[in-house]
Amino acid sequence: MKNTAANITLEDLRNGSDAVLKKVYEENREKFLNYAKRYNLSEEENIDVYQDAYVIFYNNVMSGKIDSFTSSISTYLFSIGKYLIFDIMRKNKKKVSGNFDLSRVGDEDELVSTMEIEPSGLTAEQELLQKHFATLGEKCQKLLKLFYYRGYTIQEIVIEGEYNSENVVKAAKSRCMKTLKERIKDNI
């Protein structure tokens, strides 16, 4: 399968040509570092994330985990990097800012927000979670995303404006989690 942007095939990558691997690394490095600036991590963290994302990409290609690209190589790399950034932010309890400029990524790239990692990489538990999370009401989904995915504190969720007090947020989060756990347990 060809990546039309760079005319590099999966076979080219698997053959391990240093020139091809170097080309992929260098063509995407600056674009990724510009994209990553929107998350307010340090430059060193962004460089580390890109290098980690590239290593994961390389290992996935060489191990045969990737059969074909459903997107460009750039999109696949950015997707890996995005999830690595979110892991760092969750650990550091940082929020994602809504003020960003996708034009810094480059005109040729697909919108970063449309990136997906192949769903075949999900464990059975993750698939159950994804399936049953989608059945929750919109308010529960938003609350759980703010708390677990974005790393908001209970107090920050109150400030978002949909709840009157921290106790209301705690009770709502508890109910939402209980409902989700019951739905998952009933499906096991």
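The preceding data block contains the structure.
Cut-offs applied
Residues numbered from 1 in each chain as written. Predicted model: local features only at pLDDT ≥ 70, side-chain atom pairs only at ≥ 80, totals over all residues. Heavy atoms only, no water. Helix = DSSP H or I, 4+ residues; strand = E, 2+ residues; numbered from the N terminus. Buried < 20%, exposed > 50% of the residue type's maximum accessible area, 1.4 Å probe, protein only. Polar contact = N/O pair within 3.5 Å; in protein donor to acceptor, adjacent residues only side chain to side chain. Contact = heavy atoms within 4.5 Å. Axes fitted to C-alpha atoms, helices over the stretch in contact; angles between N-to-C directions. Parallel < 35°, antiparallel > 145°, perpendicular 65-115°, else oblique. Nonpolar A, V, L, I, M, F, W, Y, C, P; charged D, E, K, R; others polar. Salt bridge = Lys/Arg side-chain N within 4 Å of Asp/Glu carboxyl O. Expected span 1.5 Å × (residues − 1). Phe/Tyr/Trp six-rings, centres within 6.5 Å; stacked < 30°, edge-to-face > 60°. Lys NZ or Arg CZ within 6 Å of the ring centre and 35° of its normal.

Undergrad: What is the right way to read the side chain of Gln141 from this model?
TA: When you line up the elements, Gln141 lands in helix H6 (residues 138-149). Judged by relative accessible area, which is 18%, Gln141 ranks as buried. A polar side-chain atom of Gln141 sits 3.1 Å from the main-chain carbonyl oxygen of Phe133. In this structure the side chain of Gln141 is engaged in a polar contact, spanning 3.2 Å, whose partner is the backbone oxygen of Ala134. Setting aside residues no more than four positions away along its own chain, Gln141 makes contact with Phe133, Ala134, Thr135 and Leu136.

Undergrad: For this particular structure, what's the right way to read the packing of H6 against helix H8 (residues 166-186)?
TA: In a pair of packed helices, the angle between the axes and the distance between the axes together describe the arrangement. Relative to each other, H6 and H8 sit at 105°, their axes nearing to 10 Å. In terms of their interaxial angle, H6 and H8 are classed as roughly perpendicular. Residue-level contacts link Cys140, Leu143, Leu144, Phe147 and Tyr148 of H6 to Val169, Ala172, Lys173, Cys176, Met177 and Leu180 of H8. Of the residues in the contact of H6 with H8, the class split is 10 nonpolar, no polar and 1 charged.

Undergrad: Teacher, can you tell me more about the pattern of salt bridges here?
TA: Opposite charge on two side chains permits them to pair, given that their charged atoms come into close proximity. Tallying each qualifying case throughout the model produces 3 salt bridges. A salt bridge links Glu30 to Arg29; the shortest N-O distance between them is 3.3 Å. By relative accessible area, Glu30 is classed as partly exposed at 46%. Owing to a relative accessible area of 23%, Arg29 belongs among the partly exposed residues under this scheme.

Undergrad: So what exactly am I meant to see when it comes to H6 here?
TA: Each full turn of the α-helix corresponds to 3.6 residues, which orients residues three or four apart in the same direction. Between its terminal C-alpha atoms H6 stretches 15 Å, which fits the 16 Å expected from 12 residues at 1.5 Å a residue. Within H6 the residues assigned to the buried category are Cys140, Gln141, Leu143, Leu144 and Leu146. Tucked into the core, H6 has its buried residues touching helix H5 (124-133), helix H7 (154-160) and H8. Looking one or two residues past H6, Gly151 carries a phi angle of roughly 75°, positive in sign.

Undergrad: Honestly, the packing of aromatic side chains in this entry has me stumped. Any pointers?
TA: The description of two aromatic rings rests on the distance between their centres and on the angle between their planes. Scanning the entire structure with this criterion turns up 10 aromatic pairs. Centroid distance Tyr35 to Phe78: 5.4 Å. Interplanar angle 35°. Geometry classified as tilted. Taken together, the residues Tyr35 in helix H2 (residues 18-36) and Phe78 in helix H4 (residues 73-92) connect sequence positions 43 residues apart. Their ring planes at 85° and their centres at 5.5 Å tell us that Tyr39 and Phe86 sit as a pair that is edge-to-face. One end of the pair, Tyr39, is in the loop between H2 and helix H3 (43-63); the other, Phe86, is in helix H4, and 47 residues separate them in sequence. Considered together, Tyr39 and Phe86 belong to a single accessibility category, that of buried residues. Each member of the aromatic cluster is reached from another via a ring pair, and the members are Tyr25, Phe32, Tyr35, Tyr39, Tyr50, Tyr54, Phe57, Tyr76, Phe78 and Phe86. Directly above the ring of Phe147 sits Lys173, whose terminal nitrogen or CZ lies 4.6 Å from the centroid.

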